[in-house]
Amino acid sequence: MKKKLVYFLIACMIGTLVLTAGVSQVLGAKRTEVEFVTWGPSPLVDEYFEGRVVAFEKLHPEIKANYHSFGDYQNKLIILYAAGETPDVISTHTLIHDAFMYRNMFLALDSYIDGPNGLPRDDFPTSGWNALSMKGVTYGIPQTTGGLGLMYNRDLFDKAGMAYPNESWTWDDLKEAAEKLTIKKGNRVVQYGFTQDWISWCLIDAIYKAGGTIWNKDKTAAALNSEEVKNVLSFWKELIDNDFAAGPKIVGTAATEAMKLFAMGRAAMMIGGTWQVMSAKAMSPDLNYAVTLAPQGKTKINVVFDTNYAISNQTKVGDEAWTLAKFLLSPDGLLETWRSLYNSLPARYSCFKMEGFKEPKGIPGYIPPVTEKEFEEILSWEIKAFQKDTTSTEYSSAFAINFMVYSSKMLQEIFIKGTPVEQALDSCVAEINKAIERGL
Amino acid sequence: MKQANSSNLFKQFKDKKVQAAYLFIAVPTILIMVFVFLPNIMGVILAFFKYDVASAPRFLGLGNFIELARDALVWHSFRVTLYYIMGTLPVAIVLGLFIALALNAKWFIGKKIVRTMYFFPVILGMVVVGFLWQWLLNPMFGFVNYILGEMGFASINFFNNVKLALPTVALIGVWKNLGFFIVVYLAGLQGIEETFYEAARIDGASKWQQIRYITWPLLAPTTFFLTVMGVIGGFQIFQLVYAITQGGPADATRVIIYDIYQNAFQFFRFGYGSAEAMILFLFIMTITLFQWRFYQKRI
């Protein structure tokens, strides 16, 4: 009796499995599955993208899009690639894109972009395409673009009776203002004139603004040991040594502490990324601040740090993956992303002119809407910064990650350990060039 | 003789209980083979190749090992890891023993609460511990610097000071693992028979003499176990460094696993990283064997 019952239960289980598989096969007979992945910085962003996937499936019922997100993004992508299981549509930023593209891990997209179901290249920044191409072949599409601006505390400027920074400011203007805005009590600095994240992102922007470069012409060697780069580092050192700026010994080398200092009103100015400018408001709602273009140097250039979409070269559903990527990159799609998250500008110029662009609505209950005044004061500079022909992604290279790692170390050597600028710079260049010699 | 053994085994295997036992063993064995043994073998093989995930592996022979020997950063990372172990293990052993002795004493009130308090950090994830201490030691808003400020001292940036970063990370490592040392020592102490102490007391031995000549020698197996675990754990330190300092400032906390991680996952040098891991494995094994021989003579 017992045996019969066991056999009956096993038969039931097998029957259920077969039936379920059969039914789902019938229902999903025409649906192709596309896997889509982002680095999911927060559950909120996940929720947002899950919503976008639902909207996509409504428009394309023949495709089932599965959204994934995970931390430790690059590591997991590498492991998934090694296993032959990379998701089809991959959200990247320039560094990840470089690492994967130069190892031929992405699908060439020119036939899609320039095909009948393609995208107008002109609507995207040239700098974006440059960073996503290798030997004239395009391996990604820009999604958002962002760079660095100068945030300033208006109350502290008013208190000092000084005019606010503007687009024509140079590094000398910044230094002069930082000096005036620094307040000391004895040996203790109670208010710093300036601060920033002392990491590679800020260095890259400063190098190109100063007319310098990271790489030689064909990007086969680091060209950092130039006068321009030395000038940037010496300028920063001067600001820190004179206490006009809160350096890495005060704010560390992680990309969070400088913002805390600024949000607390203990630093009058800060160079921050587009992804950071609104967070001062979240940290300190009463902070009276505005943002303008970062001070210009010899070259009128704004280095941009984009997020992009790419398609894995392991995909078996290239056409469907493209359909999803194109949907996510449609002006409506990008505008929706911008209006909800407003952390980086959409990488399509046409979005800037669309209705609602200047009214980010946030996500009810999570991200507050942006008022007209806030847009003008905190976000509007971004449009000026990311106009055609002013943006650059020249830092992008097969060895960009080596630059990021070794230049971060160099900044710590100079500003924490006290190594002379030239010595630290030479050793940084030597380490990057050693990596280049070794090859990919 | 061999034939007799194998026929015995065969006979045994006919027993259903033995079959069930093998079945039970089979599941974890397969899992260990697939998820531990096989990846390790793959790692050893990879150490002789150049492999970046995207392209097919290219055989280098001993190339990775030769480069390793010349890589100053690898040696630096080894040194930093050794400093970390030297800064954590003796402290954890001494503190662990003395706190365990206190907790084992009859006069100690609230043993369970104190034991739980000490053990609590052990169950916390390393990354959580990292963030917790980053917050506590924050130079601008941290509790520790607030107290220092109240006492009239200048604020200290513990993690962005080349001289302080490693000792601070080591101190956090001790805090995190001290509970484990205490619990193991407590177990060891409870295994020592009271009669030894009674005899010593009759002979007029002082408290210190009892610890020196009874407790410490009889705890030698426990100390051996903790030293071996401490050395292995010390060489494997990674998450704390990854969460707090990322090997900085200026490589001051660059431990060997962080170097392996950076080579493999940031620079896509999986062959080189595997070679480093293999050398690390051999190094740990050698040290453990030395420890084994050292303690064998004394236990």
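Residues numbered from 1 in each chain as written. Chains lettered and ligands numbered in written order. Predicted model: local features only at pLDDT ≥ 70, side-chain atom pairs only at ≥ 80, totals over all residues. Heavy atoms only, no water.

Novice: Explanation requested: the packing of aromatic side chains in the structure shown.
Specialist: When we look at a pair of aromatic rings, we describe it by the centre distance and by the angle of the planes. All chains considered together, the criterion is met by 51 aromatic pairs over all chains. Aromatic pair A:Tyr406 and B:Phe267: ring centres 5.9 Å apart, planes at 35°, arrangement tilted. Of this pair, A:Tyr406 sits in helix H19 (residues 400-417) while B:Phe267 sits in the loop between helix H13 (256-266) and helix H14 (270-296), each in a different chain. Note on accessibility: A:Tyr406 and B:Phe267 belong to one class, buried. Among the aromatic side chains, those forming a connected cluster through ring pairs are B:Tyr51, B:Phe238, B:Tyr242, B:Tyr258, B:Tyr261, B:Phe265 and B:Phe270. When the ring centre of A:Trp129 is taken as origin, the NZ or CZ atom of A:Arg121, which lies over that ring, is 5.0 Å away. Directly above the ring of B:Tyr272 sits B:Arg269, whose terminal nitrogen or CZ lies 4.1 Å from the centroid. (Phe/Tyr/Trp six-rings, centres within 6.5 Å; stacked < 30°, edge-to-face > 60°. Helix = DSSP H or I, 4+ residues; strand = E, 2+ residues; numbered from the N terminus. Buried < 20%, exposed > 50% of the residue type's maximum accessible area, 1.4 Å probe, protein only. Lys NZ or Arg CZ within 6 Å of the ring centre and 35° of its normal.)

Novice: What is the right way to read the pattern of salt bridges from this model?
Specialist: If the charged atoms of two oppositely charged side chains come close together, the side chains can form a pair. In the structure shown here, the tally under the stated rule is 25 salt bridges over all chains. In this structure, A:Glu228 engages A:Lys298 in a salt bridge whose closest nitrogen and oxygen atoms are separated by 3.9 Å. Residue A:Glu228 is located in helix H10 (residues 227-241), and its partner A:Lys298 is located in the loop between strand E12 (289-293) and strand E13 (302-303); the two are separated by 70 residues in the primary sequence. Owing to a relative accessible area of 22%, A:Glu228 belongs among the partly exposed residues under this scheme. With a closest N to O distance of 2.8 Å, B:Asp259 and B:Arg254 form a salt bridge. Across this residue pair, the class does not change: B:Asp259 and B:Arg254 are buried. Members of the salt-bridge network, linked through shared partners, are A:Lys409, A:Glu431, B:Asp251, B:Arg254 and B:Asp259. (Salt bridge = Lys/Arg side-chain N within 4 Å of Asp/Glu carboxyl O.)

Novice: Got a minute to help me understand the interface of chain A and chain B in this structure?
Specialist: Interfaces are often sized by the accessible area lost when the parts come together. At the interface, 35 residues of chain A touch 28 residues of chain B. When chain A packs against chain B, the two sides together hide about 2,500 Å² of surface, and 60% of this comes from carbon and sulfur. Of all residues in chain A, the largest losses of buried area upon contact with chain B belong to A:Ile78, A:Arg103 and A:Arg438, amounting jointly to 22% of the total for that side. Summed over the shared surface of chain A and chain B, the number is 3 salt bridges. For the salt bridge of A:Arg438 with B:Glu67, the shortest nitrogen-to-oxygen distance reads 3.2 Å. Applying the counting rule to chain A against chain B returns 8 residue pairs in polar contact (both at pLDDT 80 or more). The element contributing the most residues to the side of chain A that touches chain B is H19(A), with 9 residues. Tallied by class, the residues present in the side of chain A that touches chain B amount to 17 nonpolar, 7 polar and 11 charged. (Contact = heavy atoms within 4.5 Å. Buried area = accessible area lost by both parts, 1.4 Å probe. Polar contact = N/O pair within 3.5 Å; in protein donor to acceptor, adjacent residues only side chain to side chain. Nonpolar A, V, L, I, M, F, W, Y, C, P; charged D, E, K, R; others polar.)

Novice: Before we go on, may I ask you to explain a negative patch on the surface in this structure?
Specialist: Residue and element names in this part refer to chain A. A cluster of like negative charges, contributed by Glu355, Glu359, Glu372 and Glu376, occupies part of the molecular surface. Mapping Glu355 onto the fold places it in the loop between helix H16 (349-352) and helix H17 (372-379). Classification of Glu355 as exposed rests on a relative accessible area of 78%. (Patch = residues over 30% accessible without salt bridge, like charges linked within 9 Å, V, L, I, M, F, W, Y side chains within 5 Å. Areas by Shrake-Rupley, 256 points an atom, 1.4 Å probe, with all protein chains shown as cover. Lys, Arg positive; Asp, Glu negative; His and termini not counted. Charge placed at Lys NZ, Arg CZ, Asp CG, Glu CD.)

Novice: I'm lost on helix H3 (residues 73-82) of chain A in this one. Help?
Specialist: Quick reminder: α-helices carry 3.6 residues per turn. Residues three or four places apart thus point the same way. For H3(A), every residue scored as buried is listed here: A:Tyr73, A:Gln74, A:Asn75, A:Leu77, A:Ile78 and A:Tyr81. Each element contacted by the buried residues of H3(A) is listed here: strand E1 (32-38), strand E3 (89-93) and helix H4 (94-101) of chain A together with H13 and H14 of chain B. Immediately beyond the C-terminal end of H3(A), within one or two residues, lies A:Gly84, with a positive phi of roughly 75°.

Novice: Please clarify how the sheet that holds strand E15 (residues 345-346) of chain A should be interpreted in this entry.
Specialist: Residues and elements named next belong to chain A. Reading across the sheet, the 6 strands line up as E2-E1-E3-E14-E6-E15 and stay open at both edges, with mixed pairing between neighbours. Of all strands in the sheet, those with a lone pairing partner are strand E2 (63-69) and E15, marking the two edges. Examined bridge by bridge, E1 and E2 share 7 bridges and lie parallel to one another. Across the sheet, residue Glu35 finds its bridge partner in E2, namely Asn66. Packing against the sheet, H4 makes contact with E3 and strand E14 (307-311), and its axis sits at approximately 120° to E3. (Pairing = 2+ DSSP bridges. Axes fitted to C-alpha atoms, helices over the stretch in contact; angles between N-to-C directions.)

Novice: In this structure, what is going on with the side chain of B:Asn263? I would like to understand it.
Specialist: Its place among the elements puts B:Asn263 in helix H13. Excluding its chain neighbours within four sequence positions, the residues that come into contact with B:Asn263 are B:Phe268, B:Arg269, B:Tyr272 and B:Glu276.

Novice: For this particular structure, what's the right way to read empty space enclosed by the protein?
Specialist: In this approach, a probe sized like a water molecule rolls over the atoms, and the result shows the empty space that is left. Residue and element names in this part refer to chain A. In total, this model carries 3 cavities of 30 Å³ or more according to the counting rule given. Taken as a whole, the largest cavity holds about 50 Å³ of empty space. Lining the largest cavity we find Tyr406, Lys409, Met410, Glu413, Ala424, Ser427, Cys428 and Glu431. Looking at the lining of the largest cavity residue by residue, the classes come out as 4 nonpolar, 1 polar and 3 charged. (1 Å grid on protein atoms, 1.4 Å probe; cavity = no way out; pocket = protein on both sides within 12 Å on 5 of 7 lines; lining within 4 Å. Points joined across faces, edges and corners; volume = space filled by probe spheres on them.)

Novice: Honestly, the packing of helix H2 (residues 43-59) of chain A against helix H14 (residues 318-328) of chain A in this entry has me stumped. Any pointers?
Specialist: To characterise two packed helices, one gives the angle between the axes of the helices and the distance between these axes. Residue and element names in this part refer to chain A. At a closest axis distance of 11 Å, the pairing of H2 and H14 adopts a crossing angle of 120°. Classified by the angle between their axes, H2 and H14 sit oblique to one another. Here H2 runs over H14; the crossing is right-handed. Between H2 and H14, the contacting residues are Arg52, Ala55, Phe56 and Leu59 on the first element and Thr323, Leu324, Phe327 and Leu328 on the second. When grouped by side-chain class, the residues that make up the contact of H2 with H14 number 6 nonpolar, 1 polar and 1 charged. (Parallel < 35°, antiparallel > 145°, perpendicular 65-115°, else oblique. Left-handed = near helix turned anticlockwise from the far one by under 90°.)

Novice: For this particular structure, what's the right way to read the side chain of A:Thr419?
Specialist: Residue and element names in this part refer to chain A. Considering the arrangement of structural elements, one finds Thr419 in the loop between H19 and helix H20 (421-438). Of the polar contacts made by the side chain of Thr419, one reaches the side chain of Glu413; its length is 2.9 Å. Look past the residues within four positions of Thr419 in its chain and what remains in contact with it is Glu413, Ile414 and Ala424.

Novice: In this structure, what is going on with unusual backbone geometry? I would like to understand it.
Specialist: Glycine aside, residues mostly have negative phi angles, and peptide bonds mostly take the trans form. Of note, the amide linkage connecting B:Gly248 to B:Pro249 takes the cis form, showing an omega dihedral of -5°. Within the secondary structure layout, B:Pro249 lies in the loop between helix H12 (239-244) and H13. Positive phi, close to 65°, is recorded for A:Asp243, a residue that is not glycine. A positive phi is found at A:Tyr342, a non-glycine position, where the angle reads about 30°. Here A:Tyr342 lies in the loop between helix H15 (331-341) and E15. For A:Tyr342, a relative accessible area of 6% gives the class buried.

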